[in-house]
Amino acid sequence: MAVVLSSLQQYTDLMVTFPSIMILSRLLTPAQIGVYSVAVTFVNLVHMLRDFGTSEYIVQADRLDTGKPQTAFTITWIIAWALAAGLFFASPLIAAFFREPDLTQVLRILSITYLLLPIGSTTSSMLVRDLQFGIRYKINTSQLVIQNAVTIALAWYGFGYFSPAWGAVAGMLTTVAGCLYWGRHYRIRGIGLAHWREVGDFGLKKTVGSIMNRLGDSAPDFVIGRMLGFSAVGMFSRGFGLVRLFRDNVSAAIGTVAYSALSQRHREGRSAGELYLRSITFITGLGWPFLGFASLMAFPIIRIFFGDQWDMAVPILRLLAIQVAISLVVMHYQDLLTAIGRVGTATTWVTIWQVLTVATLLIAANFGLVAIAAALIPTTAVLVALVVIGIARETGIGLRAYLHALAPSAVLALTTLVPAAACRVVYPPAADALWGPILCAGATALAGAVTGGLWTRHPLWLEIVQAYRRRRPRRETVST
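Criteria and cut-off values
- Every residue gets a number counted from 1 within its own chain, in the order that chain's sequence is written.
- Totals for whole chains, interfaces and linings use every residue, but because this is a predicted model, local features are given only for residues with pLDDT of at least 70 and side-chain atom pairs only at 80 or more, for both listing and counting.
- Working from all heavy atoms in the structure, the side-chain values ignore hydrogens and water.
- Under the scheme used here, helices are H or I runs from DSSP no shorter than 4 residues and strands are E runs no shorter than 2 residues, and both carry numbers assigned from the N terminus.
- For each residue, the accessible area found with a 1.4 Å probe, counting protein chains only, is set against the maximum for its type, and the residue is called buried under 20%, exposed over 50%, and partly exposed in between.
- Computed by Shrake-Rupley with a 1.4 Å probe, the accessible areas treat only the displayed protein chains as cover when residues are assessed.
- For every residue, the predictor assigns a confidence score, pLDDT, that lies between 0 and 100.
- The contact rule is simple, with two residues in contact once any of their heavy atoms fall within 4.5 Å.
- Pairs of cysteine sulfur atoms within 2.5 Å are identified as disulfides in what follows.
- Just to be clear on terms, a salt bridge is a Lys or Arg side-chain nitrogen sitting within 4 Å of an Asp or Glu carboxyl oxygen.
- For helices, the fitted line uses only the C-alpha atoms of the stretch in contact; every axis is such a line through C-alpha atoms, and the angle between N-to-C directions lies from 0 to 180 degrees.
- Orientation categories follow fixed angle ranges, with anything under 35 degrees roughly parallel, anything over 145 roughly antiparallel, 65 to 115 roughly perpendicular, and all other angles oblique.
- A crossing counts as left-handed when the near helix is turned anticlockwise from the far one by less than a right angle, and as right-handed when that turn is clockwise.
- The classification used treats Ala, Val, Leu, Ile, Met, Phe, Trp, Tyr, Cys and Pro as nonpolar, Asp, Glu, Lys and Arg as charged, and all other residues, Gly among them, as polar.
- Exposure above 30% relative accessible area and the absence of a salt bridge qualify a residue for a patch, where like charges join within 9 Å and nonpolar side chains (Val, Leu, Ile, Met, Phe, Trp, Tyr) within 5 Å.
- In summary, the pairing rule links any two rings of Phe, Tyr or Trp, Trp by its six-membered ring, whose centres are within 6.5 Å, and it sorts them by plane angle into stacked for under 30 degrees, edge-to-face for over 60 and tilted for everything else.
- In this analysis the charged atom, NZ for Lys or CZ for Arg, is taken to sit over a ring once it is within 6 Å of the ring centre and within 35 degrees of the ring normal.
- Among the buried residues, those of types Ala, Val, Leu, Ile, Met, Phe, Trp, Tyr and Cys that are joined through side-chain atoms within 4.5 Å form a nonpolar core.
- Every helix has an expected span of 1.5 Å times one less than the residues it contains.
- The term polar contact refers here to a pair of N or O atoms within 3.5 Å; inside protein, the definition further demands a hydrogen-donor-capable atom paired with an acceptor-capable atom, and it admits residues adjacent in sequence only when both atoms are side-chain atoms.

With respect to the overall build of the protein
Next, step 1: In terms of helices and strands, the protein carries 18 helices and zero strands.
Next, step 2: Taken over 480 residues, the protein has a buried fraction of 55%.
Next, step 3: Total accessible area on the protein stands at roughly 21,300 Å², and carbon and sulfur atoms take up 66% of it.

In structure tokens, the structure reads:
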């Protein structure tokens, strides 16, 4: 049930977020989107300090008495308010560095979210620990709808890059209200620092890893904004948009539940390796066909959803889809290592990953946006191989077990993408022919996916069949 609710959450996010992106792509210019992208990635980077790993600590802690959540809330509250003040006063310096004066006001608006976060983050982590994804669904969906509605309304009336900033504030206010109403039984009552050493030790290690992870995600916007300009940031952001939606939403449907389940297994003294490999099979089973199709049909996807002003994003989408597909092989490895108590090891591997990624960006940026996207592919392949070796040392998951988990997804990807590629060759997309080719490729890809699922008996396909069989008796009973 937890996986179903988490999946429902992510698909709801897609249904709300993607149309909003389509609308905003027509209301805002690439430069305006670029300014906000730089601001929000900077804020998200500082967010890693704001939470200080307290959310993950609550989920994986062996025993959770009243003092530990109070300590986590108090530490989060102190750090978040301090960072809000720091970001508010440092925003002119950041704007001067990027040579964009209006970035000051955007950052100051976003700093308001820091003041509100502690109320929601600790309650949300308590809900995740107890697998209360139904309550989280109500809170997160309300937040998403309000945030996107406010953003679109303000953009329509000409507020430019201030629109998503105020939308983020409205979304955070909605989250706080939802936690106080639907999650009131999990609300932290009182403050305290009784367990500050334990929480602080875990939080420090986790925060370093989270900062490095966020730095790698934010590095493209920072590097491109500084070296190539804000229009280039906007173009890269749109090329990465569909891929990021999958990574941050669809894969998170599995990742959110997986971390809770992995932590629970470890607390009970059972091995978490088998469950982790199963999550990899699910993620690649979803991701490889989806990302492969996005790479094949990048041109009609960009034209249909964003318009012809974003044509330069087509090769970026095509290359980044391949890069993220490679990274799915070790998706959520940090959750596995953190869940089994190897948070220090997780931090080490995250640091290595992001340092090499940033180095690649700095070198490739001298040759343009397409070079950046292309250079990330071999770098990611090398990093994935290194992380697989590291996981084997920490958990005993060998290469054979990994390949066995990936094999069904590889076959499923082939049966999905080969027909779609053949359709693209026979019926290629063009400026005056967008819907026909993408519908043709989509239909053949879907047929190939069904065939591949039946042939390989992919766990993802089996879950769908089992869910249908569970619903069928209910329908027959109602009909009777």
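After that view of the structure, there is still more to cover.
What about the confidence of the model for the protein?
Next, step 1: Per-chain confidence: the protein averages 79 in pLDDT, with 80% of residues scoring 70 or above.
Next, step 2: In the model of the protein, helix α18 (residues 459–479) stands out as the element of lowest mean pLDDT, 58, in contrast to helix α12 (residues 314–327), which has the highest, 92.
Next, step 3: In this model residues 475–480 is a low-confidence stretch, pLDDT under 50, and it forms one contact with partners more than four residues away in sequence or in other chains.

Examining the state of the cysteines
Next, step 1: Tallied over the entire structure, the rule returns one disulfide.
Next, step 2: At a sulfur-sulfur separation of 2.1 Å, the disulfide partner of Cys 423 is Cys 440. Here Cys 440 lies in helix α17 (residues 435–456) and Cys 423 lies in helix α16 (residues 399–426), a separation of 17 residues in the sequence.
Next, step 3: Overall, Cys 423 belongs to the buried group, its relative accessible area being 7%.

Quick look at the pattern of salt bridges
Next, step 1: This model, assessed by the stated rule, comprises one salt bridge.
Next, step 2: The partner of Asp 311 in a salt bridge is Arg 303, and the shortest N-O contact between them spans 2.8 Å.
Next, step 3: Judged by relative accessible area, which is 27%, Asp 311 ranks as partly exposed.

Some thoughts on the packing of helix α10 (residues 273–296) against α16
Next, step 1: Running from N to C, α10 and α16 point in directions that differ by 20°, and their axes come no closer than 9 Å. Our classification of the angle between α10 and α16 gives roughly parallel. Classified by chirality, the crossing of α16 by α10 is right-handed.
Next, step 2: For the contact of α10 with α16, the per-class residue count stands at 17 nonpolar, six polar and one charged.

Regarding unusual backbone geometry
Next, step 1: For His 332, which is not glycine, the phi torsion reads 65° and is therefore positive.
Next, step 2: Tracing the backbone through its elements, the reader meets His 332 in the loop between α12 and α13 (333–339).
Next, step 3: The exposure class of His 332 is buried, given its relative accessible area of 16%.

Brief notes about a nonpolar patch on the surface
Next, step 1: Where nonpolar side chains cluster on the molecular surface, the patch consists of Trp 77, Ile 78, Trp 81, Leu 115, Ile 191 and Leu 193 and spans about 580 Å² of accessible area.
Next, step 2: If one sorts the elements of the nonpolar patch by residue count, helix α4 (residues 67–98) sits on top with three residues.
Next, step 3: Residue placement: Leu 115 occurs in helix α5 (residues 103–129).
Next, step 4: Taking relative accessible area as the criterion, Leu 115 reaches 36% and is therefore assigned partly exposed.

Section: the packing of aromatic side chains
Next, step 1: Following the criterion strictly, the structure yields five aromatic pairs and no others.
Next, step 2: An angle of 50° between the planes, with centres 6.4 Å apart, marks the rings of Phe 236 and Phe 240 as tilted. Within this pair, Phe 236 and its partner Phe 240 are both found in helix α9 (residues 230–267), separated by four residues, close to a single helical turn. By the burial criterion, Phe 236 is buried, and Phe 240 matches it.
Next, step 3: Between the aromatic rings of Tyr 333 and Trp 353, the centroid separation amounts to 6.2 Å while the plane-to-plane angle is 25°, which identifies the pairing as stacked. Here Tyr 333, found in helix α13, pairs with Trp 353, found in helix α14 (residues 343–364); they are 20 residues apart in sequence, far enough to count as distant.
Next, step 4: Given a relative accessible area of 12%, Trp 353 falls into the buried group.
Next, step 5: One cation-aromatic arrangement involves Arg 108 over Phe 88; the distance from NZ or CZ to the ring centre is 4.4 Å.

Some words on the nonpolar core
Next, step 1: In this structure, Leu 103, Tyr 276, Val 330, Tyr 333 and Tyr 402 are the most contacted members of the largest nonpolar core, which totals 109 residues.
Next, step 2: For this core, the element with the highest residue contribution is α9, accounting for eleven residues.
Next, step 3: Apart from the residues lying within four places of it in its own chain, the contact partners of Tyr 402 are Tyr 276, Leu 277, Ile 280, Val 329, Val 330, Val 388, Ile 391 and Ile 397.
Next, step 4: Counting eight residues, the second largest nonpolar core, distinct from the first, contains Phe 73, Leu 127, Ile 135 and Ile 139.

Some details on the packing of helix α6 (residues 133–156) against helix α7 (residues 162–181)
Next, step 1: Following both chains from N to C, one finds α6 and α7 inclined at 155°, their axes separated by 7 Å at the closest point. Compared by their axis directions, α6 and α7 come out roughly antiparallel. Where α6 crosses over α7, the two elements pack in a sense that is right-handed. Listed contacts from α7 to Ile 139, Ser 142, Gln 143, Ile 146, Gln 147, Val 150, Thr 151, Leu 154 and Ala 155 of α6 are Ser 163, Pro 164, Trp 166, Gly 167, Ala 168, Ala 170, Gly 171, Thr 174, Thr 175, Gly 178 and Cys 179.
Next, step 2: Residues belonging to the contact of α6 with α7 are distributed by class as follows: ten nonpolar, ten polar and no charged.

Quick word on the environment of Leu 277
Next, step 1: Looking at where Leu 277 falls in the secondary structure, it is placed in helix α10.
Next, step 2: You can call Leu 277 buried: its relative accessible area is 13%.
Next, step 3: It is 9.4 Å that separates the C-alpha atoms of Leu 277 and Val 330, two residues lying 53 residues apart in sequence.
Next, step 4: Residues within four places of Leu 277 in sequence aside, it is in contact with Ile 397, Ala 401, Tyr 402 and Ala 405.

Remarks on α10
Next, step 1: Taking 1.5 Å of rise per residue, 24 residues should cover 34 Å, and α10 covers 34 Å from first to last C-alpha, within 8% of that figure.
Next, step 2: Of all 24 residues that make up α10, 18 are buried, and the element is covered over most of its length.

Some remarks on the environment of Trp 156
Next, step 1: Along the chain, the position of Trp 156 falls in helix α6.
Next, step 2: Considering only alpha carbons, one finds Trp 156 and Arg 26, 130 residues apart in sequence, at a separation of 9.9 Å.

Some words on the environment of Ser 327
Next, step 1: If you trace the backbone, Ser 327 turns up in helix α12.
Next, step 2: Looking at Ser 327, the relative accessible area reads 12%, which means it is buried.
Next, step 3: When the C-alpha positions of Ser 327 and Arg 247 are compared, they lie 9.9 Å apart, and in sequence the two are 80 residues distant.
Next, step 4: Not counting chain neighbours up to four residues away, the residues in contact with Ser 327 comprise Trp 353, Thr 380 and Val 384.
Next, step 5: Within the structure, Ser 327 has its side chain in polar contact with the backbone oxygen of Val 324 (distance 2.7 Å).

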